[in-house]
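Residue-level structure breakdown
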Amino acid sequence: MDRIESLPTDHVRSIEAERTYVHDLYERLDELRAEKETQLAKVRKAGAVGTMQNATERDAFATMYEDRLAQLNAVEDRLVFGRLDFDPKDDGATPDPRYIGRIGLTSEDQTRLMVDWRAPESSAFYQATAFERRNVRRRRHLILKGRDVIGVEDDVLDSSLLADGESLQGGGALLAAVSQRRTGRMADIVATIQSEQDRIIRSPQQGVLVVQGGPGTGKTAVALHRAAYLLYEHRERLKSAGVLLVGPSASFMTYIERVLPSLGETGVVMASVGRLMPGIKAIPEKDRLTARVKGRLEMVDFVANAVAERQRTFPSARFVKVEGTTLKISPKLVKRARDKARATGKPHNQARETFVKIMVRELADQLKDKLEKSSGGGNNVDRSYLTEDVRASRDVRIALNLCWMPLTPEKLLSDIYANPERLAWAAPFLKKKERAALYRERGSAWTEADVPLLDEAAELLGEYDSSNGRQKANQESDDARDLANAEQALRNVDAMLAEYGIDGVLSAEELAAFNQVSETSFTAAERASMDRTWAYGHVVVDEAQELSPMQWRLLMRRCPMKSFTIVGDIAQASSASASKSWSQALEPFVEDRFRLEELTVNYRTPKQIAKSATRMARAAGLSVSAPEAVRKGDWPPIITRASESELMATLREALPVEVELAEGGMVAIIAPQQLLRETRTVAAELFGARVGTGSGALDQDIVVTSTSDAKGLEYDIVIILEPAAIVEESGGSVGSLYVAMTRPTQRLRILAEQEIPAGIVKE
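Here the structure is a predicted model, which means the values were calculated and not measured.

Moving on, we get to the overall build of the protein. Across its full length, the protein holds 32 helices and 22 strands. Within the structure as shown, the protein displays about 36,600 Å² of accessible surface, and the carbon and sulfur contribution to it stands at 50%.

If you want it as structure tokens, here you go:
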């Protein structure tokens, strides 16, 4: 309040007026929340009564009220952030101001109180300029703390307002936003979206859109806001198919997880590249050669060969016993059954059913012939039971499994990775060293590079039924029994109703379905996250420059319509299997059918730091764009040289200084893998519980992290340890170091014993 009272009178008057309006908006928000809570409670209280149609409608209403309530609760913080004032109409009347917020709000009589930022009417808030005003005289930014307006800032587009002294110019909402202290969680930029960002966010959904942007250009923010915009603009089309948002790491997903709910969207499926296979929590692939090999498109043939290798014949005849009778399984018989099963075109596990059926039938016929010969022939005894005898034989089951075993993707890859002979057979196109890089023992943790191979295997294997069809058969039997019971019940009821001249209006199928226990109801997003085969309506990929060809293949499978928003910076690529251009990455899947947009302004990184990072990258031969930084910052990069074996001692001296300068903001220590453990120890000795690592580090103000986990994140101050070692562990590429250098919003310090890479210090 002291701050407001110290402002000029006209400024205070404007703030008070906005306070009144904003108070009314929050009051309406509370009314809507109470209304939805009442409606939801009423639906839940109704319980499981009524017809099947009533139950379905009740569930649908409950879901609708829950979703709306979640949306209303998520937009509490900074509900409204903007206002547009327009030119007078032709008749001289002044149009009402248009308030812009996180969602649209109307009064009980449907008078519009606030416009959703994604609505077409809101685009002028982001795109109007003094040269193209779009009838906007003034754009006002509302600065809120809780539910209270504590300040306003005006962008005056009509110069006559300046002459009239009606402007309330401030320090700039954008600069205030980019300069504020980091909290460990990404904040939305909905109040400060810039014109070039807004144009990309609102671009058409169809096709593949690539957004190239250097460090600090807001790529991630654009990706998230575009996801929210598409769900608003194409609600009917996307609400059932859903939107998938993919990021580079678990830390990154934790960092951005609050943005979409704050924008009024709670139904987006968010997953890191290591979580794209349901049930698998993959870790990073540490060995660069292994990652490079697993990322090649040739691995499609590797997986196909691995599956084919599990569809075998015997080298010679094999004999099995069925109820004491010996039967012969010849290689020719197995090959014939295998060829017929493959000809169905079905996945391995489903085609196996055809293989087993043929083999069992052939062996049953063989058993029948033997039994008839042993009984003297001419015996017409019913022997239909022989098929079940053959199927139940332990010898037969072992033999058929040896020829064609049902498999899970995990079983297939675990077996082949652990067997050098199978590796050689499945990957004849790889060099011996490359095949050796794939070898690992059974039970090893799955890596991010394995996920697309597991997905490929799942596609070729099909669904795995560990009960060999028994569960399906039992369910079909139960359904048939329930249907028969329902038919009998209806016959009894219909006979009674007929006496009164009333026709039955319920089918046996409806009655049987009504009496079944309903399964748990899931949202589309929840169902999609659990279903590997789910086809999304749109996929957003962040830090996309890191993806391998096999990872791209997996994502393309997730969206058959090829509707993608892809954001990244080719210059920041550091993974072993990353592409050198967007064309190289995408042409195998969409040829040249993608459109490229570029972000040109760096909102995060101070000029001195951005220029240092760009010089370093270009000195190493990396082609990097150099977006214009909007602010200079207070410090150039600070280089601290450590004596031999004194790096950690130097860190002990430097870290307290940087933490004090951060003034409660976030300090990150980015170190090569070989120094991470020692670095964590030093930081913890100095600051104890304030130090965090991994995804949990985002809740602490001092973070020890690797370059891969820091990708896409930002901190107030960054300390980089031994940049030469970071380059070395990246296979000589400076991409990871470039990423690390561009994380800070305020200050960068580099500590090193070894030689500093060229370009960091201006010659």
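So, next bit.
With that settled, consider the sheet that holds strand E21 (residues 715-721). Sheets are built from strands that pair by backbone hydrogen bonding, the pairs being arranged parallel or antiparallel. Read from one edge to the other, the open sheet built from 6 strands follows the order E17-E22-E21-E18-E20-E19, with strand pairing classed as parallel. Looking at strand neighbours, the two that pair on one side only are strand E17 (638-641) and strand E19 (691-693), the edges of this open sheet. Averaged over all neighbouring strand pairs, the angle between strand axes comes to 20 degrees, with direction disregarded. Pairing between strand E18 (residues 667-670) and strand E20 (residues 702-705): 4 bridges, direction parallel. If you follow Val667 over to E20, its bridge partner there is Ile702. Along the sheet, helix H28 (residues 647-662) makes contact with E17, E18, E20, E21 and strand E22 (744-752), crossing E22 at roughly 165 degrees. In the packing of helix H29 (residues 676-687) onto the sheet, the strands contacted are E18, E19, E20 and E21, and the crossing angle to E20 comes to about 165 degrees.

Here the focus is the pattern of salt bridges. Going through the model one piece at a time under the given rule, you end up with 54 salt bridges. Among the salt bridges present, the one from Arg83 reaches Glu18, with a minimum N-O distance of 2.7 Å. Of this pair, Arg83 sits in strand E1 (residues 80-86) while Glu18 sits in helix H2 (residues 9-46), and the two are 65 residues apart along the sequence. The salt bridge involving Arg140 is made with Asp154; its shortest N-O contact spans 2.8 Å.

What follows deals with helix H27 (residues 607-619). In this model, H27 (13 residues) spans 18 Å end to end at C-alpha, consistent with the 18 Å of a helix rising 1.5 Å per residue. Of the residues making up H27, those classed as buried are Gln608, Ile609, Ala610, Ser612, Ala613, Thr614, Met616 and Ala617. If you follow the buried residues of H27, they end up packed against strand E15 (601-602), helix H32 (735-741) and E22. One or two residues past the end of H27 sits Gly621, with phi positive at roughly 90 degrees.

Further remarks concern the side chain of Asp450. Of note, Asp450 is situated in the loop between helix H20 (432-438) and helix H21 (451-461). Polar contacts involving the side chain of Asp450 include one to the side chain of Arg440, which spans 3.0 Å. Setting aside residues up to four positions removed in sequence, Asp450 forms contacts with Lys294, Tyr417, Arg440 and Ala445.

Pairing is parallel in the open sheet, where 6 strands are placed in the order E9-E8-E12-E13-E7-E14. Each edge of the open sheet is held by one strand with a lone partner, namely strand E9 (269-272) and strand E14 (594-599). For this sheet, the mean inter-axis angle between neighbouring strands, taken without regard to orientation, is 15 degrees. Alignment of strand E12 (residues 538-541) against strand E13 (residues 564-568), held across 3 bridges, turns out to be parallel. Across the sheet, Val540 pairs through a bridge with Thr565, a residue of E13.

Following the UniProt record, the feature "binding site: ATP" (unreviewed entry) maps to Gly213, Gly214, Pro215, Gly216, Thr217, Gly218, Lys219 and Thr220 here. Those residues in contact with Gly214, other than ones at most four positions away along the chain, are Lys219, Asp569, Gln572, Leu599, Ser625 and Pro627. Along the chain, Lys219 turns up in helix H8 (residues 219-233). Beyond its immediate sequence surroundings of up to four residues, Lys219 is in contact with Gly213, Gly214, Val567, Gly568, Asp569, Gln572 and Leu599. Here Gly213 takes part through its backbone oxygen, which lies 3.1 Å from a polar atom of the side chain of Lys219.

It is worth spelling out the packing of helix H13 (residues 299-309) against helix H18 (residues 409-417) at this point. Helix-helix packing is characterised by the crossing angle of the two axes and by the distance between the axes. The interhelical angle for the contact between H13 and H18, taken along N-to-C directions, is 95 degrees, at an axis separation of 11 Å. The orientation of H13 relative to H18 falls into the category roughly perpendicular. Every residue of H18 that contacts H13 at Phe302, Val303, Ala306 and Val307 is listed here: Leu412, Leu413, Ile416 and Tyr417. Taken together, the residues of the contact of H13 with H18 sort by class into 8 nonpolar, no polar and no charged.

In the Ramachandran plot, Glu323 falls in the positive-phi region, its phi being about 50 degrees despite a non-glycine side chain. For Glu323, a relative accessible area of 69% puts it in the exposed group. The backbone of Lys562 sits at a positive phi, close to 55 degrees, despite the residue not being glycine. Within the fold, Lys562 resides in the loop between helix H25 (549-558) and E13. On the accessibility criterion, Lys562 (25% relative accessible area) is partly exposed.

Taken together, the side chains of Lys340, Lys346, Lys357 and Arg361 present a region of like positive charge at the surface. Looking at the secondary structure, you find Lys340 in helix H14 (residues 331-343).

Looking now at the confidence of the model for the protein. Of all residues in the protein, 84% have pLDDT values of 70 or greater, and the mean over the chain is 86. Predicted confidence for residues 167-171 stays below pLDDT 50, and this span has 16 contacts to residues more than four positions away or in other chains.

The biggest cluster of nonpolar side chains holds 72 residues, and the ones touching the most others in it are Trp117 and Ile720. In contact with Ile720, other than residues within four places in its own chain, are Ile670, Ile726, Leu737, Ala740, Met741, Leu748, Arg749, Ile750 and Leu751. Of all hydrophobic cores here, the second largest spans 57 residues; its members include Ile416, Leu461, Ala544 and Phe564.

So, about the environment of Val43. Tracing the sequence through the fold places Val43 in helix H2. Look at Val43 and you get buried, because its relative accessible area is 15%. A C-alpha to C-alpha distance of 7.5 Å links Val43 and Phe61, two positions 18 residues apart in sequence.

A few words now on the pairing of E12. Taking every second residue as pointing to the same face, both faces of E12 are buried, with His538 and Val540 on one and Val539 and Val541 on the other. Strand direction decides the pairing type here: strand E8 (residues 243-247) and E12, joined by 4 bridges, are parallel. Along E12, the bridge assignment pairs Val243 with His538. In this fold, the crossover linking E12 to E13 by way of H25 has right-handed handedness.

Reading the values: rules and limits
Residues numbered from 1 in each chain as written. Predicted model: local features only at pLDDT ≥ 70, side-chain atom pairs only at ≥ 80, totals over all residues. Heavy atoms only, no water. Helix = DSSP H or I, 4+ residues; strand = E, 2+ residues; numbered from the N terminus. Areas by Shrake-Rupley, 256 points an atom, 1.4 Å probe, with all protein chains shown as cover. Pairing = 2+ DSSP bridges. Axes fitted to C-alpha atoms, helices over the stretch in contact; angles between N-to-C directions. Contact = heavy atoms within 4.5 Å. Salt bridge = Lys/Arg side-chain N within 4 Å of Asp/Glu carboxyl O. Expected span 1.5 Å × (residues − 1). Buried < 20%, exposed > 50% of the residue type's maximum accessible area, 1.4 Å probe, protein only. Polar contact = N/O pair within 3.5 Å; in protein donor to acceptor, adjacent residues only side chain to side chain. UniProt positions renumbered as here; feature names shortened; annotations may be inferred. Parallel < 35°, antiparallel > 145°, perpendicular 65-115°, else oblique. Nonpolar A, V, L, I, M, F, W, Y, C, P; charged D, E, K, R; others polar. Patch = residues over 30% accessible without salt bridge, like charges linked within 9 Å, V, L, I, M, F, W, Y side chains within 5 Å. Lys, Arg positive; Asp, Glu negative; His and termini not counted. Charge placed at Lys NZ, Arg CZ, Asp CG, Glu CD. pLDDT = per-residue confidence, 0-100. Core = buried A, V, L, I, M, F, W, Y, C linked by side-chain atoms within 4.5 Å. Right-handed = clockwise from strand over helix to strand, strands pointing away.

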